[in-house]
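Letter by letter, the chains look like this.
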Amino acid sequence: MNIRQVAISVFIVAGMFMTLLDTTIVDIVLPHMMSAFRAEPDDIQWVVISYMIASAIAMPVVGWLGGKLGHRNTYLLGIFLFTIMSVVCGFAPNLETMILGRTLQGIGEGLAVPMSMALLFELYPPEKRGTAMGLFALGATFGPSIGPTLGGYLAQYLSWRWVFFVNILPGILVLYFLTLLLENKTEKVGKFDFFGLLLLSVTLSSLITALSKGNDWGWKDEKTVVLFYLSAVSLIVFLWRETGIENPVVDLSLLKKRFYSVSVATLTLFGMGVYASYFLLPIYLEKLRNFPTLTSGEILFFPAMTTGIVSVIAGYLVDKNFISKKQAILLGTAIFTVGTYLQTGLDLYMSKLQIIGILVPWGVGMGFFFPVLSQISLGSLKDEALRHASSLQNL
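What comes next is a walk through the structure. (Residues numbered from 1 in each chain as written. Predicted model: local features only at pLDDT ≥ 70, side-chain atom pairs only at ≥ 80, totals over all residues. Heavy atoms only, no water.)

### Here we look at the overall build of the protein chain
For the protein chain, the count of helices and strands is 17 helices and zero strands. Since a compact globule built from 395 residues should have a radius of gyration of about 21 Å, the 21 Å found for the protein chain is in line with a globular shape. Every one of the 395 residues in the protein chain was classed for burial, and the buried ones make up 51%. Within the protein chain, counting contacts between residues at least 6 apart in sequence, those at least 24 apart form 82% of the total. Accessible surface, the protein chain: about 18400 Å² in total, of which carbon and sulfur atoms supply 68%. (Helix = DSSP H or I, 4+ residues; strand = E, 2+ residues; numbered from the N terminus. Rg over C-alpha atoms; globule rule 2.2 N^0.38 Å. Buried < 20%, exposed > 50% of the residue type's maximum accessible area, 1.4 Å probe, protein only. Contact = heavy atoms within 4.5 Å. Areas by Shrake-Rupley, 256 points an atom, 1.4 Å probe, with all protein chains shown as cover.)

Have a look at this one:
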């Protein structure tokens with residue numbers, strides 16, 4: 001691994017870390033935004049919802065755009081858009097401007113994250129791709145985990161607007177150095193499937209909005225039910241269309257490849273378990289244990305930090321054949337299962353260190369299986385197939 005390769009890896013991961021940081025760093029300053037914009041709770045939620053929807057819709061575009069603009073330029077477009085919109089959000093005078101900025105920020109993240117996986121996968125030869133996916137996991141876990149803690153410190157000691165300003169300098173550095181260090185190659189691409197993207201946009205925006213607002217509106221409320229039905233119908237039409245055209249926005253034929261479909265299905269199931277815990281743990285820490293938000297963030301940082309570090313180590317061990325991919329997956333699954341079970345023992349009297357001790361094995365397990373499953377899912381895919389696989393997996 002030469003210095004240039006290391007430098008490129010650092011800046012790719014840094015850019016991805018920055019965009020994923022914003023999936024959680026904003027949550028903690030929403031009360032400050034409510035006061036600044038004199039907004040109601042129902043309205044301020046769109047600051048988060050708009051980001052999630054835009055990011056999800058933008059990810060599948062990578063399959064086509066990455067060929068048209070090139071992998072490097074598509075990634076840098078995402079970082080550029082994200083950085084510029086960080087400025088807009090930081091200076092936003094009202095809620096409408098903030099939501100617009102967050103929407104465009106989300107598009108930037110949706111382009112950058114799947115392209116970062118593809119770039120890292122291409123940057124390393126096959127025998128070192130375990131390390132590459134370990135680096136991806138490092139950024140993917142650190143960003144969201146450190147968000148609440150960093151956001152709390154920035155809001156407390158500077159201003160809530162600094163959760164956006166903090167992105168500007170890293171964004172500029174990533175844009176500058178990757179433009180210098182990383183080559184760009186374009187490909188001939190077919191016609192873009194605008195109608196397919198429209199159908200997918202309706203599917204995702206309806207589903208995410210229903211899931212996000214269902215608890216407030218009521219799960220049997222007319223708006224919630226209509227959105228679920230709309231999402232289901234548009235999904236059916238989308239799947240029918242995508243399987244019958246030459247240049248689909250989402251290449252569903254990838255799911256016919258067993259190495260890809262099984263890996264993605266496994267990652268999805270693990271992801272559901274992980275996010276369920278990350279949803280419940282803050283409630284346990286803040287509502288039941290009455291820990292301050294900053295303390296809760298510090299506790300949750302440790303399992304995420306463990307996942308990131310172990311991911312790099314596990315990827316390296318697989319590359320060097322110290323352990324096989326199968327052994328890494330089985331070991332990670334076993335530790336993750338035990339770590340999840342240990343969480344059932346959390347009570348109202350444990351100390352901060354005891355809670356961290358219970359959560360760390362959970363993070364170790366994720367660190368073993370995440371980079372290996374990611375490496376297996378991408379297999380020996382190249383160019384357009386690699387972009388489609390990365391975008392679908394991240395979606």
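From this point on, the discussion continues.
### Focus: the pattern of salt bridges
This model, assessed by the stated rule, comprises four salt bridges. Among the salt bridges present, the one from Asp193 reaches Arg241, with a minimum N-O distance of 2.8 Å. Taken together, the positions of Asp193 in the loop between α10 (168-181) and α11 (194-217) and Arg241 in helix α12 (residues 222-242) put the pair 48 residues apart, joining distant regions of the chain. Residue Asp193 is classed as buried on the basis of its relative accessible area of 4%. Of the charged contacts in the structure, one is a salt bridge between Lys352 and Glu298, with a shortest N-O distance of 3.1 Å. Placement of Lys352 in helix α16 (residues 352-378) and of Glu298 in helix α14 (residues 293-319) is noted, with a sequence separation of 54 residues between them. Here Lys352 falls in the partly exposed class, since its relative accessible area comes to 32%. (Salt bridge = Lys/Arg side-chain N within 4 Å of Asp/Glu carboxyl O.)

### Here we look at the side chain of Thr83
Topologically, Thr83 is positioned in helix α6 (residues 71-90). Classification of Thr83 by relative accessible area gives buried; the value is 5%. Among the polar contacts made by the side chain of Thr83, one reaches the main-chain carbonyl oxygen of Ile79 at a distance of 2.7 Å. In this structure, Thr83 is in contact with Met18, Asn167, Ile168 and Gly171, ignoring residues within four places of it in sequence. (Polar contact = N/O pair within 3.5 Å; in protein donor to acceptor, adjacent residues only side chain to side chain.)

### Looking at the environment of Glu286
Assignment of secondary structure puts Glu286 in helix α13 (residues 258-288). Sequence spacing of Glu286 and Ser296 is 10 residues, and the spatial spacing of their C-alpha atoms is 6.8 Å.

### Side note on the packing of aromatic side chains
Counted according to the given criterion, the structure contains 11 aromatic pairs. Residues Phe192 and Phe194 carry aromatic rings whose centres are separated by 4.7 Å and whose planes lie at 80 degrees to one another, so their mutual orientation is edge-to-face. Owing to a relative accessible area of 11%, Phe192 belongs among the buried residues under this scheme. Aromatic side chains Phe301 and Phe302 sit 6.1 Å apart centroid to centroid with 70 degrees between the ring planes, which places their arrangement in the edge-to-face category. Here the aromatic cluster, defined as three or more aromatic residues joined through ring pairs, consists of Phe11, Tyr176 and Phe177. Seen from the ring of Trp217, Lys223 lies directly overhead, with NZ or CZ sitting 5.1 Å from the centre. (Phe/Tyr/Trp six-rings, centres within 6.5 Å; stacked < 30°, edge-to-face > 60°. Lys NZ or Arg CZ within 6 Å of the ring centre and 35° of its normal.)

### Thoughts on the nonpolar core
By size, the foremost hydrophobic cluster in this structure holds 56 residues, and its most contacted members are Tyr75, Leu120 and Leu178. The biggest single contributor to this core is helix α7 (residues 95-123), with 10 residues. Not counting residues within four places of it along the chain, the set of residues in contact with Leu178 comprises Ile8, Phe11, Ile12, Arg72, Tyr75 and Leu76. Leu267, Phe291, Ile323 and Phe336 belong to the second largest nonpolar core, which has 29 residues in total. (Core = buried A, V, L, I, M, F, W, Y, C linked by side-chain atoms within 4.5 Å.)

### A word on the packing of α6 against α10
Following both chains from N to C, one finds α6 and α10 inclined at 155 degrees, their axes separated by 9 Å at the closest point. Taken together, α6 and α10 sit at an angle that is classed as roughly antiparallel. In this structure, the crossing between α6 and α10 has a hand that is left-handed. Listed contacts from α10 to Arg72, Tyr75, Leu76, Ile79, Phe80, Thr83 and Val87 of α6 are Ile168, Gly171, Val174, Leu175, Leu178 and Thr179. Each residue belonging to the contact of α6 with α10 can be placed in one class, and the counts come to nine nonpolar, three polar and one charged. (Axes fitted to C-alpha atoms, helices over the stretch in contact; angles between N-to-C directions. Parallel < 35°, antiparallel > 145°, perpendicular 65-115°, else oblique. Left-handed = near helix turned anticlockwise from the far one by under 90°. Nonpolar A, V, L, I, M, F, W, Y, C, P; charged D, E, K, R; others polar.)

### Quick look at unusual backbone geometry
Residues other than glycine seldom take positive phi values, yet Arg38 does so here, at roughly 55 degrees. Locating Arg38 in the fold gives a position in the loop between α2 (30-37) and α3 (41-44). At Asn290, a position not held by glycine, the phi torsion is positive, near 60 degrees. Note on placement: Asn290 falls in the loop between α13 and α14.

### Looking at helix α1 (residues 3-21)
With 19 residues, α1 should reach 27 Å at 1.5 Å per residue; the first-to-last C-alpha distance of 26 Å fits that figure. Among the residues of α1, those classed as buried are Gln5, Ile8, Ser9, Phe11, Ile12, Val13, Gly15, Met16, Met18, Thr19, Leu20 and Leu21. Buried residues in α1 make contact with α4 (46-58), α6, α7, α8 (129-157) and α10. (Expected span 1.5 Å × (residues − 1).)

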